Amino acid sequence: MTLDLHGSSAVVTGASSGIGAVVAARLAARGADLVLVARRTDRLEELAARLRAEHGVEADVVPADLRTSDGVTAVVKAARAATKPVGTLVNNAGFGTHGALLEEDPERIEDEVALNVAALTDLTRALLPDLVAHGSGAVVNVASTAAFQPVPRMAVYGATKAYVLSFTEALSVELRGTGVHAITLCPGATRTEFFDVVGTEDAAVGRFQTPEQVADTLFRALDRRRPPATVVSGRANALAGAVVGALPRRLVLAAAARLTAG
């Protein structure tokens, strides 16, 4: 079954590059109008123009800082002003930091939690009634393979993604019978600007994937009659996630510490 999104809009945060931009293009190819959200207006405008030309969809650009309540409010307002009802929400915006917590910038940590946790939660809660009223669609929350275990030297990032995983899986149960699905997308190391922001590739574990491969994983899940609550991109990543769940916690923590030592 191929998901047809004609007649609905999709909100994509972190849409200016990487996974967000590729997912937005796939949604447009399926007929969804778009509400594209990021801080970099020039990149959003360029993407919106391309998707309008290639797929004949409407694409609204919302430059917003989701670390702030004003930014979240602007996205909700734009989503509800779209011509077609919201049928898909992709919470992709987020970033990571690397280093011992004692050495981290407190303001940077605050921003990380605000974007990775608070904005994702607030946008989901705000737009969920619209999705349920539409009667079909999905909330896609982008987590990470870091969600499956503590990550020393990325303690805050790993914890925020563990939150996303737990939150979304719980939501998937609450939404049964509504026609709306909640899916946690867990990529591993991906060739995006993520590690440029982190400042090092020491945090990367395993073979890098492309954003296109991650999007393939997501849309295979979305095309299922009953999408799973969590999908992991890459067979090796999925296997590692399953193994982590079966091992004693102290062994998992020791292994994670070695892998992220840098």
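Coordinates for the structure precede this section.
So, how was this worked out
Residues numbered from 1 in each chain as written. Predicted model: local features only at pLDDT ≥ 70, side-chain atom pairs only at ≥ 80, totals over all residues. Heavy atoms only, no water. Helix = DSSP H or I, 4+ residues; strand = E, 2+ residues; numbered from the N terminus. Buried < 20%, exposed > 50% of the residue type's maximum accessible area, 1.4 Å probe, protein only. Contact = heavy atoms within 4.5 Å. Areas by Shrake-Rupley, 256 points an atom, 1.4 Å probe, with all protein chains shown as cover. Salt bridge = Lys/Arg side-chain N within 4 Å of Asp/Glu carboxyl O. Pairing = 2+ DSSP bridges. Axes fitted to C-alpha atoms, helices over the stretch in contact; angles between N-to-C directions. Core = buried A, V, L, I, M, F, W, Y, C linked by side-chain atoms within 4.5 Å. Parallel < 35°, antiparallel > 145°, perpendicular 65-115°, else oblique. Left-handed = near helix turned anticlockwise from the far one by under 90°. Nonpolar A, V, L, I, M, F, W, Y, C, P; charged D, E, K, R; others polar.

### So, the overall build of the protein chain
Part 1 of the reasoning: Secondary structure assignment for the protein chain yields nine helices and seven strands.
Part 2 of the reasoning: Each of the 262 residues in the protein chain was classed as buried or not, and the buried ones make up 50%.
Part 3 of the reasoning: For the protein chain, contacts bridging at least 24 residues in sequence account for 71% of all contacts bridging at least 6.
Part 4 of the reasoning: Surface exposure of the protein chain reaches about 12300 Å², of which carbon and sulfur atoms provide 53%.

### What to know about the pattern of salt bridges
Part 1 of the reasoning: According to the stated counting rule, one finds seven salt bridges in the structure shown.
Part 2 of the reasoning: Here R26 and D216 are joined by a salt bridge, their closest N and O atoms 2.9 Å apart. Linking R26 in helix α1 (residues 18-29) with D216 in helix α7 (residues 211-222), this pair joins segments that are 190 residues apart in sequence.
Part 3 of the reasoning: Since its relative accessible area comes to 26%, R26 is described here as partly exposed.
Part 4 of the reasoning: Sharing partners across several salt bridges, the network here consists of D65, R67 and D111.

### Quick word on the sheet that holds strand β7 (residues 230-232)
Part 1 of the reasoning: Strand order in the open sheet formed by seven strands is β3-β2-β1-β4-β5-β6-β7, with parallel pairing between adjacent strands. With partners counted over all chains shown, the strands left at the sheet margins are β3 (59-63) and β7, one partner each. Pairwise comparison of adjacent strand axes, ignoring direction, gives a mean angle of 15° for this sheet.
Part 2 of the reasoning: Pairing of strand β6 (residues 180-186) with β7, which is carried by three bridges, proceeds in the parallel orientation. Residue pairing for β7: C186 is matched across the bridge by V232.
Part 3 of the reasoning: Against the sheet, helix α2 (residues 41-55) contacts β2 (33-38) and β3, and its axis sits at roughly 175° relative to β3.
Part 4 of the reasoning: Across the face of the sheet, helix α4 (residues 106-134) comes into contact with β1 (9-13), β4 (86-91), β5 (137-142) and β6 while running at roughly 160° to β4.

### Some words on the nonpolar core
Part 1 of the reasoning: In terms of nonpolar packing, the biggest core is built from 35 residues, with V23, L27, L34 and L36 touching the most fellow members.
Part 2 of the reasoning: Of all the secondary-structure elements, those providing two or more residues to this core are β1, α1, β2, α2, β5, β6 and α7.
Part 3 of the reasoning: The biggest single contributor to this core is α1, with eight residues.
Part 4 of the reasoning: Ignoring any residue separated from it by four or fewer positions in sequence, one finds V23 in contact with V90, A215, L218 and F219.
Part 5 of the reasoning: Formed by 27 residues, the second largest nonpolar core is a distinct cluster that contains V86, L131, L171 and L175.

### A short note on the packing of α1 against α7
Part 1 of the reasoning: Interaxial distance between α1 and α7 falls to 9 Å at its minimum, and their mutual angle equals 50°. Classified by the angle between their axes, α1 and α7 sit oblique to one another. The two elements α1 and α7 cross, and the hand of that crossing is right-handed. In contact with G18, I19, V22, V23, R26 and L27 of α1, α7 contributes P211, E212, V214, A215, D216, L218 and F219.
Part 2 of the reasoning: When grouped by side-chain class, the residues that make up the contact of α1 with α7 number nine nonpolar, one polar and three charged.

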